[in-house]
Structure formats: structure tokens, C-alpha cells
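# Residue-level structure breakdown
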Amino acid sequence: GSEGEKKAAAYISKRMQEYGLTLFFPGEGQDFSFVSTKGDTIYSRNILGIVEGSDKNLKNEYIVVGAHMDHLGFETIKYNGKDSVMIYRGADDNASGVACMLEIAKMVSERRILFKRSVIFVAFGAEESGMTGSWYFVNRAFKQKDKIHFMLNLDMVGRSGGLNRPTLYTVLPNIELSDIYNQLKAKTLVLDPLFSNRDYFPSDHQPFSQSGVPVTLITTGLHREYHSLK
């Protein structure tokens, strides 16, 4: 509900429109509220755009590509007797995922004839507050969740190299997904991703997985600056 979130939402909405997506909720997005652990009512929003599928029957089935747009914000602490504002900048967690999601949205929109199913792109709010935005989407807002056939979550993809190799986590073993990823791995790619049939960290793929939707989390992993001021 901060001014920063509203600016981020407006930026993402503008980019989705520029890339030819149809917005579910033009403007400030799909708003929702929840009660924080301190008892305050917190307001947030999801930004959703769709590229309609090219097949007249399969376009009523959906692929969801998501990334959360929130981070930890800021807090004021005492430093040498004075109030000091500490900013959690969140470039990796998760501006990196949002940037990647928008680039995928652009490419899918430009090649929409190749996609028989409709592809929904979502910038989730309140991920850092118990994945509230994605939970709201799955359990309250989207009435056709039984038509969602796959969810791809992009969270912390801003680092690569050394111990931070791009890794795809499917949460549960999935033969069909494993076969697709093995085919990808056999191709000549700039990246050399790892694949895992377990989970890695809590993020927006989990409400989908808990509802029976096959998921994949793509991440370059945790690091020592995770949830720090850098």
C-alpha cells in the first residue's frame, strides 16, 4: 500500500500495455487487503495481463507466469542517538524477477500465434507477507483455477555464476516437466540450468502447488545479501 508500490504497479501496467497485453484491472491493479501480525490492515495489489491463446478451444486454459513486486521496504532505527532510515532495496528480490517476467511477456506477445493456451502474467503484491497476493489470486480472485495447467515463478534471478547457478525447482516430481526440461538441457543454451524436483524457499508458486497446479520456481538462489540492506 505504499507510494513505492503504487509507482511500481503503474510502471508494470504501462509496460504490459506497451507490449500488447490485455490488462485485467487497468490502472492500479487488483487490490486486496489483509491484517498484519501487528493488527494493522494492509492494502496491496496484483497487476495482471493476458496474452490470449491462438486456439479457439485451448485459449480457455491458462499458463501463469509470475513474479512478486514487493520487498521489505524500509524501517527507522536509532543510530548514534538519531533516527536513521534503513532501506531494503530489493534489486535481486525481486526487481530481477519482475524484469524477467516483463521481457517474457513481451516475447510471448510478439509470438502469440505460437501459444495455443492463454498466458497470464502477474506481478504479485505482498509476497513478503506470507505470499498473500498469490494466495488471493488462487483462492479468491481467479474463478477458473482448475483451468490453470502450469505456473512459472521467477524469484531472485539476478545472480548467476559460481554457486549461484540458475535452478528450476518443480516442488514435486513431475515426469512430464522433467522430460521437457531434459529436452531443454540437451539444446545449446547460454545458461546451463540445474533441475530439482524439490522446493527451495517459500514464494508465490506455493499457493498454486497447494491447489494441485504443476509449478516451477526459477531462481539463481540465496546469497549473503538476502533480505539485507544491499
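Our structure is the block above this text.
This report concerns the structure included in the present document. All of these numbers come straight from a predicted model, not from anything done at the bench. (Residues numbered from 1 in each chain as written. Predicted model: local features only at pLDDT ≥ 70, side-chain atom pairs only at ≥ 80, totals over all residues. Heavy atoms only, no water.)

### What to know about the side chain of His223
With respect to the helices and strands, the residue His223 is situated in the segment after strand 11 (215-219). With a relative accessible area of 16%, His223 lands in the buried category. Discounting chain neighbours no more than four positions away, the residues touching His223 are Asp92, Met156, Arg159 and Asn164. (Helix = DSSP H or I, 4+ residues; strand = E, 2+ residues; numbered from the N terminus. Buried < 20%, exposed > 50% of the residue type's maximum accessible area, 1.4 Å probe, protein only. Contact = heavy atoms within 4.5 Å.)

### Concerning the packing of aromatic side chains
Within this structure, the stated rule accounts for 10 aromatic pairs. Aromatic pair Tyr181 and Phe195: ring centres 5.3 Å apart, planes at 5°, arrangement stacked. One end of the pair, Tyr181, is in helix 4 (residues 175-186); the other, Phe195, is in strand 10 (residues 194-196), with 14 residues separating them in the sequence. Among the aromatic side chains, those forming a connected cluster through ring pairs are Tyr62, Phe124, Phe137, Phe142 and Phe208. (Phe/Tyr/Trp six-rings, centres within 6.5 Å; stacked < 30°, edge-to-face > 60°.)

### Points about the pairing of strand 11
Of all five residues making up strand 11, four are buried, and the element is well covered by its neighbours. Note that strand 8 (residues 148-154) and strand 11 share four bridges and pair parallel. Bridged to Leu152 within strand 11 is Thr216. Bridge analysis of strand 9 (residues 167-169) against strand 11 gives three bridges, and the strand direction is antiparallel. Bridging across to strand 11, Tyr169 finds its partner in Leu217. (Pairing = 2+ DSSP bridges.)

### Considering helix 3 (residues 132-141)
Turning to helix 3, its buried residues are Thr132, Gly133, Ser134, Phe137 and Val138. Of the surrounding elements, those touching the buried residues of helix 3 are strand 2 (30-35), strand 3 (41-51), strand 4 (62-68), strand 7 (118-124), strand 8 and helix 5 (205-210).

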